[in-house]
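# Fold and contact review
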Amino acid sequence: MLVSTLIVFTLPLAANAGAFDLTGAWAGDADNCAKVFARKGGQITFADNSDVYGSGFIVDGDQIIGKFVRCRIKATKVDGPNINLIAACASDIMLSSVQLSAKEVDADTLLRLFPGMEGMEIRYYRCRSQ
């Protein structure tokens, strides 16, 4: 579960991604945004039992926050709609450096890509109401 969480939740840093702003909450299913995220004290956080309703992550500055992991972006490279990055990630039991790739579909949709595994991708949707 930890490895999949690292892979799913570590996506590009908004400030370094050129015109594509990733700040905010992103879910694997746009219809489940209210079940995956909640607002507590003016901050976006994960709702109770959010993992039951699918994956998601929050981008806040140079931080990428998943349900079980927190990452800090160390380097980014933008090539058109493609974004590549290196992130330092930490959970309760592990530290790791992760290289990731994503592609902008539109202002509210991105694809998590897996280089070397053609056709494998995960789509995420921005949760605007959060």
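Residues numbered from 1 in each chain as written. Predicted model: local features only at pLDDT ≥ 70, side-chain atom pairs only at ≥ 80, totals over all residues. Heavy atoms only, no water.

### Some remarks on the nonpolar core
Grouped together as the largest cluster of nonpolar side chains are 18 residues, with contacts concentrated most on Trp26 and Leu110. Listed in part, the nine residues of the second largest apolar core include Ala27, Cys33, Val36 and Phe37. (Core = buried A, V, L, I, M, F, W, Y, C linked by side-chain atoms within 4.5 Å. Buried < 20%, exposed > 50% of the residue type's maximum accessible area, 1.4 Å probe, protein only.)

### Side note on the layout of surface pockets
As a volume, the largest pocket reaches approximately 190 Å³. Along the walls of the largest pocket sit 13 residues, with Gln43, Ile44, Ile58, Asp60 and Ile65 positioned nearest its centre. Mapped onto the lining of the largest pocket, the elements with two or more residues apiece are β3 (43-46) and β4 (56-60). Broken down by element, the residue count for the lining of the largest pocket peaks at four residues, all from β3. In terms of residue class, the lining of the largest pocket is built from five nonpolar, five polar and three charged. (1 Å grid on protein atoms, 1.4 Å probe; cavity = no way out; pocket = protein on both sides within 12 Å on 5 of 7 lines; lining within 4 Å. Points joined across faces, edges and corners; volume = space filled by probe spheres on them. Helix = DSSP H or I, 4+ residues; strand = E, 2+ residues; numbered from the N terminus. Nonpolar A, V, L, I, M, F, W, Y, C, P; charged D, E, K, R; others polar.)

### Considerations on the sheet that holds strand β6 (residues 70-79)
A barrel is described by the order of its strands in space; here eight strands give the closed sequence β1-β4-β5-β6-β7-β8-β9-β10, paired in antiparallel fashion. Strand-to-strand twist across the sheet, computed as the mean angle between neighbouring axes with direction ignored, equals 35°. Two elements, strand β5 (residues 63-65) and β6, share three bridges in a ladder whose sense is antiparallel. Its bridge partner lying in β6, Ile65 is registered against Arg70. (Pairing = 2+ DSSP bridges. Axes fitted to C-alpha atoms, helices over the stretch in contact; angles between N-to-C directions.)

### Some points on the pairing of strand β9 (residues 109-113)
Counting buried positions along β9 gives four out of five residues, so the element sits mostly inside the fold. When strand β8 (residues 95-106) meets β9, the two strands line up antiparallel, connected through five bridges. Looking at β9, one finds that Ser101 is bridged to Leu113. Here β8 hands over to β9 after two residues, the two strands then running antiparallel side by side. In this sheet, strand β10 (residues 121-126) lies alongside β9 in antiparallel orientation, the contact comprising five bridges. Note that in β10 the partner of Leu111 across the bridge is Arg123.

### A few points about the pattern of salt bridges
Within this structure, the stated rule accounts for three salt bridges. The salt bridge partner of Asp62 is Arg72, with a shortest N-O separation of 2.7 Å. Here the residue Asp62 occupies a position in the loop between β4 and β5, and Arg72 occupies one in strand β6, the gap between them amounting to 10 residues. Through salt bridges that share partners, Asp108, Arg126 and Arg128 make up one connected network. (Salt bridge = Lys/Arg side-chain N within 4 Å of Asp/Glu carboxyl O.)

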